[in-house]
Structures are given as structure tokens and as C-alpha cells.
Amino acid sequence: MSDDLKERLAGLAEAVSLRRDQAAFAELFDYFAPRLKSYLQRLGMESFQAEEMVQEVMIVLWHKAGLFDPTKSSLATWLFRVARNRRIDALRRDKSALLDPDDPALQPSQPEAADDIVEAEERDERVRKAMLDLPEEQAILVRQAFFLGKSHSQIADDTGLPLGTVKSRIRLAFSRLRRSLENDDGDMTMH
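Residues numbered from 1 in each chain as written. Predicted model: local features only at pLDDT ≥ 70, side-chain atom pairs only at ≥ 80, totals over all residues. Heavy atoms only, no water.

K.L.:
Which parts of the structure should I look at to understand a negative patch on the surface?
P.N.:
Negative charge collects at one region of the surface, where D115, E119, E121, E122 and D124 lie side by side. Residue E122 is classed as partly exposed on the basis of its relative accessible area of 40%. (Patch = residues over 30% accessible without salt bridge, like charges linked within 9 Å, V, L, I, M, F, W, Y side chains within 5 Å. Areas by Shrake-Rupley, 256 points an atom, 1.4 Å probe, with all protein chains shown as cover. Salt bridge = Lys/Arg side-chain N within 4 Å of Asp/Glu carboxyl O. Lys, Arg positive; Asp, Glu negative; His and termini not counted. Charge placed at Lys NZ, Arg CZ, Asp CG, Glu CD. Buried < 20%, exposed > 50% of the residue type's maximum accessible area, 1.4 Å probe, protein only.)

This is the structure in C-alpha cells:
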């Protein structure tokens, strides 16, 4: 891709970001949609799935063009990364198609022992209490990641936060939770 084309595409993305320029968006869509579809099909997606994924990627461009930084990558690199991440997220959500019903891991397990159930409930209660001590911005991200099963990139998309911020807040939250739970374990052994 020539430097002139990269600059033109970056300028169109800026027009979408700043002015919601529909003509600029249409030009970007016409340029990238077939390329993204072809890329996703090479990664193994069916044609209709690839088309739906391209729609999602272009919606991200429409809503989040302001997150694109031409000093860090080309618009093509940014959009193809969004497409790749969306495909990975879709594969994670669709693991059911890959499951073998005869897999021993999917067979019912023996009933849990009563003391194990009590321990698990106590542990869950300690985690809930420790979550209350987290700053709200960290607690929200932990809930999305672990109780709703969202990926870091999905959380970043949903919240509008940079991916690095999402990751560092979750990492900080884990560190706090670990300390809180370790202190709680120490308190319990003293009783």
C-alpha cells in the first residue's frame, strides 16, 4: 500500500471520527469490506459469516474511528486487527460446535461432598466481600471479565477504555483481591 493511499485512508477515518462523514465512511467501506471478507474467509469463515463479521468491523470503525492512531499503524492494520480479534471472540463464544458429546469431561460427575460445598460457599463469600473493597472502576471490569465471560477486547469496546487500561485495571484488581484473600485466610486460621 502506497504512502499516499495510507494517508488518504487515515484522512477518511479522521473525517468519520470528527464529522461522522458518511461519504468518507462509504469510501472506506467500499475499499475495506471486500478485503476484510476475503481475509476472514482465508481464516476459515463461511462467506455469510465473514460478511456479518465485516459489518461488525465497519460498525466499530463508524463508532470508534477516534481510537485509530495513524502514528501507531495504518488504518488497514487497525481494521484487520479488529477483524482478527472479533473472529477470535466469535470462536470462543461458539465452542459448542467443537464439543464431542462423548468426551469424558462432559459426562456428569459424582455428587460433591458436603464439606467441599461448604468450603466453596465460604470461599465465594470471601471473594464477594473482597470485591466490595475494590475501587468501582476495577470491580466493574472484573465482573465483566469473569462473571460475564467477556474478553479484554470486548470490555474495551463496550466501555470505550483503551485495551491497556482494561488490562492494567484488571491486573490491579487481581493483586488487591489476592492480598485481601490472603489476609482473610490468615485471619481465619487465627480463629
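K.L.:
Any chance you could explain the packing of aromatic side chains here in plain terms?
P.N.:
Think of a pair of aromatic rings as described by two things: how far the centres are apart, and how the planes are tilted against each other in angle. Per the stated rule, a full pass over the model turns up five aromatic pairs. Plain terms: the ring middles of F25 and W62 are 5.2 Å apart, the flat faces sit at 70 degrees to each other, and that makes the pair edge-to-face. Pair noted here: F25 is in helix α2 (residues 22-42) and W62 is in helix α3 (residues 47-64), with a separation of 37 residues, a long-range link. Measuring from centroid to centroid gives 5.8 Å for F68 and W78, while their planes differ by 55 degrees, and the two rings are tilted. Residue F68 is found in the loop between α3 and α4 (75-93), and its partner W78 is found in helix α4; the two are separated by 10 residues along the sequence. The residues F68 and W78 share a single accessibility class, namely buried. Chaining the aromatic ring pairs together yields one cluster made of F25, F29 and W62. Note that R20 overlies the ring of W62, its terminal NZ or CZ placed 5.2 Å from the centroid. A cation over a ring is seen here: R35 above Y31, with NZ or CZ 3.7 Å from the ring centre. (Phe/Tyr/Trp six-rings, centres within 6.5 Å; stacked < 30°, edge-to-face > 60°. Helix = DSSP H or I, 4+ residues; strand = E, 2+ residues; numbered from the N terminus. Lys NZ or Arg CZ within 6 Å of the ring centre and 35° of its normal.)

K.L.:
Would you take a moment to explain the pattern of salt bridges for this structure?
P.N.:
When the charged atoms of two side chains with opposite charge come close together, those side chains can pair. Tallied over the full model, the rule gives seven salt bridges. R86 is paired through a salt bridge with E56; the nearest N and O atoms lie 3.4 Å apart. You can see R86 sitting in helix α4 and its partner E56 sitting in helix α3, a full 30 residues away along the chain. Judged by relative accessible area, E56 falls into the partly exposed class, the value being 30%. Residues joined by salt bridges that share partners form a network here, namely E56, R86 and D157.

K.L.:
Quick question: what am I supposed to make of the packing of α3 against α4 here?
P.N.:
In a pair of packed helices, the angle between the axes and the distance between the axes together describe the arrangement. Put simply, α3 and α4 touch, their axes get as near as 10 Å, and they point 125 degrees apart. As summarised for this structure, α3 and α4 are arranged oblique, according to the angle between their axes. Of the two elements, α3 crosses α4, and the hand of that crossing is right-handed. Contact residues: α3 offers M53, E56, V57, V60, L61 and K64, while α4 offers L75, W78, L79, V82, A83, R86, R87 and A90. A class-by-class count of the residues in the contact of α3 with α4 yields 10 nonpolar, no polar and four charged. (Axes fitted to C-alpha atoms, helices over the stretch in contact; angles between N-to-C directions. Parallel < 35°, antiparallel > 145°, perpendicular 65-115°, else oblique. Left-handed = near helix turned anticlockwise from the far one by under 90°. Contact = heavy atoms within 4.5 Å. Nonpolar A, V, L, I, M, F, W, Y, C, P; charged D, E, K, R; others polar.)

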